[in-house]
Amino acid sequence: MVAEVEVGRVLETIPYETLGPFIVPLGTCPACKAIFPTCLGIVGAWEHICKWEDAHGEVRDNVAEIVKAELSNERKSLSNIDDNAVRTLLDLLGFQVE
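In this report, we go over the structure that sits alongside the text. (Residues numbered from 1 in each chain as written. Predicted model: local features only at pLDDT ≥ 70, side-chain atom pairs only at ≥ 80, totals over all residues. Heavy atoms only, no water.)

So, about unusual backbone geometry. The backbone of K33 sits at a positive phi, close to 65 degrees, despite the residue not being glycine. By the secondary structure assignment, K33 is in the loop between β1 (26–28) and β2 (35–37). Residue class for K33 comes out exposed when judged on its relative accessible area of 56%. (Helix = DSSP H or I, 4+ residues; strand = E, 2+ residues; numbered from the N terminus. Buried < 20%, exposed > 50% of the residue type's maximum accessible area, 1.4 Å probe, protein only.)

Shown next as structure tokens:
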């Protein structure tokens, strides 16, 4: 499994500032159903998932698998994450894209 810190680094490369206008202002954590302001960003959602280990393990594992797949695609840099992977990561973390 990819380490949580490494997943966090990959998520930091996703240009949330350019995605923000297309994301619904409130997201819902898929594990605990907590509502959160999406302005906290992707890394903020990931930190929430990591903080509450018991109920959030499945979501954390799913996100780590997507990141692992992206890392194994031999990309030139982490900033070249596939659009479909970004969309999947957003969905997994509870963001809704308009």
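So, next bit.
For the structure on display, the rule yields two salt bridges. A salt bridge links D91 to R87, with the nearest nitrogen and oxygen atoms 3.8 Å apart. Of this pair, D91 and R87 both sit in helix α5 (residues 83–92), separated by four residues, roughly a single helical turn. For D91, a relative accessible area of 42% corresponds to the partly exposed category. Residue R87 is classed as partly exposed on the basis of its relative accessible area of 40%. (Salt bridge = Lys/Arg side-chain N within 4 Å of Asp/Glu carboxyl O.)

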